[in-house]
Amino acid sequence: MQLSQFPRIALAHLPTPLEPMPRLSEHLGGPQIYVKRDDCTGLATGGNKTRKLEFSMGEALQEGADTIITVGAVQSNHVRQTAAAACKLGLKCEVLLEHRVQHPSDLYKNSGNVLLDRIFGANLREYDKGTDFDAAMADVASEVTTAGGTPYIIPGGASNAVGALGYVGCGLELLQQFSEQALAVDHIVTATGSAGTHAGLAVGIRGGGSKLPILGIGVNAAQDVQEERVYKLACETADLVGAPGSVARDDIIADCNYIGPGYGEPTESMNEAVLMLARLEGLLFDPVYSGKALAGMIDYIRSGRFDHAKTIVFLHTGGAAGLFAYADTLKLD
Ligand SMILES: *Cc1c(COP(=O)(O)O)cnc(C)c1O
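These numbers were taken from a predicted model, which means no experiment stands behind them. (Residues numbered from 1 in each chain as written. Predicted model: local features only at pLDDT ≥ 70, side-chain atom pairs only at ≥ 80, totals over all residues. Heavy atoms only, no water.)

**Student:** Honestly, the packing of helix α7 (residues 161–180) against helix α9 (residues 223–241) in this entry has me stumped. Any pointers?
**Tutor:** Two numbers describe a pair of packed helices, the interaxial angle and the distance between the axes. At a minimum axis separation of 9 Å, α7 and α9 run at an interaxial angle of 80°. Classified by the angle their axes make, α7 and α9 are roughly perpendicular. Contacts between α7 and α9 involve Ala161, Val162, Ala164, Leu165 and Val168 from the first element and Leu233, Glu236, Thr237, Leu240 and Val241 from the second. Of the residues contributing to the contact of α7 with α9, the split by class is eight nonpolar, one polar and one charged. (Axes fitted to C-alpha atoms, helices over the stretch in contact; angles between N-to-C directions. Helix = DSSP H or I, 4+ residues; strand = E, 2+ residues; numbered from the N terminus. Parallel < 35°, antiparallel > 145°, perpendicular 65-115°, else oblique. Contact = heavy atoms within 4.5 Å. Nonpolar A, V, L, I, M, F, W, Y, C, P; charged D, E, K, R; others polar.)

The following block contains the structure:
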């Protein structure tokens, strides 16, 4: 597996730290819990999309693009990191924002990530939930071409095989950190949404020669849909990176029982998890992804499903900028 064969632009501060959370471990009376700090990738308040964008933007520049087109929810962390990367690289950024959440508050519509998108000067276009975004992005691309520009489309979450290369890199980085810190890790836990993080991680870990189990906690789709999505992308990514067949179907597990009423809709267990990590470890997680994934991990520990594990690692995918958009829905005591 050679990541150096792909065009890549340095955007992230790497390697991100791998740190223990002793007060959380003690509080839960469970295994040692480490956190992989991909909230500290450094671009515009950080997050997991920055690793992916190193490869997506690398390909865009190689193809001579001058305009990036992408899509996400109004509070998309992916859009925020893409808008920032486009600024850093001197590219224009066309954003298709999907109104995916029911009854959004004024803060949801104007603060958090979307405020930062506006600060970065991205051109925001708004669409209804359920729009055919492949078609809509193709329309924007022809508009750009007609105006004399050269568009490059990054799919939602940068979750194609090119973007997932960023998480192949993260998987390899983790294996190296486990060996440097002499850590015997029993399980990795991550949020899983548009699938590139989970898929890339699986390819990096398996392709790097480790059988370490990875638990994805879903944030939008049902389990069978999510697992198929991750597995398909993992296979494409493994083929691209020259490690075909490295990931098996049963390597991919997504528990989708922590979504609550829907994508981006707050849950009690997310609220509890966000406050617990803030107050025990001084760490900020987000309401849409990492907070729900944490709620899943906490429930697994409390219900004994991690009793076999001495050490687990939670991949912190970032997203704290989204907290501000949920200020009036979070319960703070
Ligand atoms: C996008 C995102 C995820 C999910 O990653 P995918 O690659 O889309 O599955 C998790 N956490 C945060 C904070 C995100 O922004």
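**Student:** Teacher, can you tell me more about the sheet that holds strand β9 (residues 253–255) here?
**Tutor:** Think of a sheet as strands paired side by side through backbone hydrogen bonds, with each pair either parallel or antiparallel. One open sheet accounts for six strands, arranged β1-β2-β10-β7-β8-β9; its pairing is mixed. The outermost strands of the open sheet, each flanked by one partner alone, are β1 (18–20) and β9. Between one strand and the next, the sheet's axes are offset by a mean angle of 30°, whatever the strand orientation. In this sheet, strand β10 (residues 311–316) lies alongside strand β7 (residues 187–192) in parallel orientation, the contact comprising three bridges. When the sheet's bridge partners are listed, Val189 is paired in β10 with Phe314. Sheet contacts for helix α11 (residues 290–302): β2 (32–37), β7, β8 (214–218), β9 and β10; angle to β10, the most-contacted strand, approximately 165°. (Pairing = 2+ DSSP bridges.)

**Student:** Sorry, what's going on with the pattern of salt bridges here?
**Tutor:** Opposite charge on two side chains makes pairing possible when the charged atoms of those side chains draw close. Tallied over the entire structure, the rule returns 16 salt bridges. Residues Glu236 and Lys232 are paired through a salt bridge, measuring 3.2 Å at the closest nitrogen-oxygen approach. Separated by four residues within a single helix, Glu236 and Lys232 lie in helix α9, roughly one turn from each other. Beyond isolated ion pairs, a larger network of salt bridges with shared partners links Lys36, Asp38, Arg51 and Glu173. (Salt bridge = Lys/Arg side-chain N within 4 Å of Asp/Glu carboxyl O.)

**Student:** Even after reading the chapter, I still don't get the packing of helix α2 (residues 49–62) against helix α3 (residues 77–89), so can you show me in this structure?
**Tutor:** Where α2 contacts α3, the axes come no closer than 10 Å and their chain directions differ by 45°. Here α2 lies oblique to α3, going by the angle between them. Considering the relative orientation of α2 and α3, their crossing is right-handed. From α2, Lys49, Thr50, Leu53, Met57 and Leu61 reach across to α3, where they touch Asn77, His78, Gln81, Thr82, Ala85, Ala86 and Leu89. Residue composition of the contact of α2 with α3, grouped by class: six nonpolar, five polar and one charged. (Left-handed = near helix turned anticlockwise from the far one by under 90°.)

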